[in-house]
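Reading the structure
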Amino acid sequence: MYRYIGNKTKLLQYITDRVEEMIGPAGTVADIMAGTGSVSLELRKKGYSVVASDVMTYSYHHLVTNLQIAESPSFNGLYNKGIISKKAPTPYEDVLEYLNKLEPKKGFFYREFSPDGIPLNGCPARKYFASENAAKIDAIREKINYWIESKAISALEESLLKHTLIMAVNEVANISGTYGYFLSDFKKNANDAIILRPVEFYPYNSEGHTVRLGFAENLAGLITADVCYIDPPYMKRQYAANYHILETLARGDFPEAIGKSGLRDWWDQHSKLCTKTRGLQSFEKIISDMHCNKFLISYSEDGLFSLDQLEECFKKFGHVEVQLIDYNRFRSNDSKLPTKLKEYLISIERK
């Protein structure tokens, strides 16, 4: 996966080991701020039933792909369009070959995010993507949107194609780590041609998983689980602002590109957990509302709240244990902060 603030890939073993200690080798696990879906996928591989959610639309498509697909979908709606040739190993690969061969189109991404574009708000041209790649993204987006509107592809197929497009875009984005801003000069990989490559499917345990889109605070009361894993944002940095381009890819829309960086209006996805004033209240609402007696929370010493504050909050609900893990800090630039920090894995057993 791409570099992502708080990505838990390196902590998967700690997390799944602790889940097994808490509920055994089977059961239902809620992953309610699931991000790229790396934890959800690992839980699926371990045999658990997963209820996954996130407020970001791109995360929703990652989760559907990671949890609910075991093999190439049929893409039946594209057979009569001359796209499925049966020459490729799977219909999915036929579709990707078709999309890769589309002629570039100078559309929204070309205008707003390429050096040859002319942003509508009058700002200087942005350099998120090489111009040819931006035009290719436009062509692919337009075709996927057309297939959705004409009901030529299913919701599952839509998620898979959008997941695949996002992964390809990450390979050629001219950024330092997040999409908060672009680099002034194009780095080497940003000049490579964008190519949609098939993702590898995990062939087992694709039934019985649920994926939801929305704030964890709002969804908690709808979820029943044996244990709930929570990986909240730690800092003031909002995911919706830092990954605005991925959100636009996932929604398939054409938002106003605001300011020099071209942000979309992201306030509808503003997380209270990124604020000192309301973050702890959000934790309390989730734990109070969910039909679940066991919780496992990832946090960091870099976070907005100290370990003492978190323990004080969580002890209202029951017994709390803390595991300290040495971890490499996420750094999207030449930060002078130490490379190592402590990650907390906090478990709660409700009274």
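The preceding data block contains the structure.
None of the values given here were measured: they were computed from a predicted structure.

Under the defined criterion, the tally for this structure stands at 18 aromatic pairs. Residues Phe109 and Phe129 carry aromatic rings whose centres are separated by 6.1 Å and whose planes lie at 45 degrees to one another, so their mutual orientation is tilted. Taken together, the residues Phe109 in helix H5 (residues 108-113) and Phe129 in the loop between H5 and helix H6 (131-149) connect sequence positions 20 residues apart. The buried category is assigned to Phe109, whose relative accessible area is 0%. Of note, Arg141 hangs over the ring of Phe254, and the distance from its end group to the ring centre comes to 4.7 Å.

For helix H12 (residues 307-314), the set of buried residues is Leu310, Glu311, Cys313 and Phe314. One face of H12 carries all of its buried residues, which in axial projection span an arc of 160 degrees. Along H12, exposed side chains directed more than 90 degrees from the buried face belong to Asp308 and Glu312.

Counting buried positions along strand S2 (residues 49-54) gives 5 out of 6 residues, so the element sits mostly inside the fold. Inspection of the sheet shows strand S1 (residues 28-31) paired to S2 by 4 bridges, in the parallel sense. Looking across to S2, one finds that Thr28 is bridged to Ser49. Read as a crossover between parallel neighbours, the route from S1 over helix H2 (residues 38-45) to S2 is right-handed. Summarising the sheet, S2 and strand S3 (residues 210-213) pair through 4 bridges and their orientation is parallel. Residue pairing for S3: Ala52 is matched across the bridge by Val211.

A separate point is the nonpolar core. Counting residues in hydrophobic clusters, the biggest one holds 52 residues, and the most contacted among them are Phe129 and Leu161. Mapped onto this core, the elements with two or more residues apiece are helix H4 (91-100), H5, H6, helix H7 (155-172), helix H9 (239-242) and helix H10 (244-251). Contact partners of Phe129, with chain neighbours within four places excluded, come to Phe109, Phe113, Ser114, Pro115, Ala134, Ile137, Val169, Val172, Ala173, Tyr179, Phe186 and Ile245. Counting residues in each nonpolar core, the second largest holds 31 residues, with Ile230, Ile286, Phe317 and Tyr344 among its members.

In this section: the packing of helix H1 (residues 12-23) against H2. Between H1 and H2, whose axes approach to 10 Å, the crossing angle comes to 50 degrees. By the criterion of interaxial angle, the relationship of H1 to H2 is oblique. Where H1 crosses over H2, the handedness of that crossing is right-handed. On H2, the residues touching Leu12, Ile15, Thr16 and Val19 of H1 are Ser38, Val39, Glu42 and Leu43. Across the contact of H1 with H2, the residue classes break down as 5 nonpolar, 2 polar and 1 charged.

Right, let's get into the environment of Glu301. Residue position: Glu301 is located in the loop between strand S5 (294-300) and H12. C-alpha separation for the pair Glu301 and Lys342, spaced 41 residues apart in sequence, amounts to 5.6 Å. Here the side chain of Glu301 touches Lys342 through a polar contact of 2.5 Å, landing on its backbone nitrogen.

Cut-offs used in this document
- Residues numbered from 1 in each chain as written.
- Predicted model: local features only at pLDDT ≥ 70, side-chain atom pairs only at ≥ 80, totals over all residues.
- Heavy atoms only, no water.
- Phe/Tyr/Trp six-rings, centres within 6.5 Å; stacked < 30°, edge-to-face > 60°.
- Helix = DSSP H or I, 4+ residues; strand = E, 2+ residues; numbered from the N terminus.
- Buried < 20%, exposed > 50% of the residue type's maximum accessible area, 1.4 Å probe, protein only.
- Lys NZ or Arg CZ within 6 Å of the ring centre and 35° of its normal.
- Arc of directions from axis to C-beta.
- Pairing = 2+ DSSP bridges.
- Right-handed = clockwise from strand over helix to strand, strands pointing away.
- Core = buried A, V, L, I, M, F, W, Y, C linked by side-chain atoms within 4.5 Å.
- Contact = heavy atoms within 4.5 Å.
- Axes fitted to C-alpha atoms, helices over the stretch in contact; angles between N-to-C directions.
- Parallel < 35°, antiparallel > 145°, perpendicular 65-115°, else oblique.
- Left-handed = near helix turned anticlockwise from the far one by under 90°.
- Nonpolar A, V, L, I, M, F, W, Y, C, P; charged D, E, K, R; others polar.
- Polar contact = N/O pair within 3.5 Å; in protein donor to acceptor, adjacent residues only side chain to side chain.

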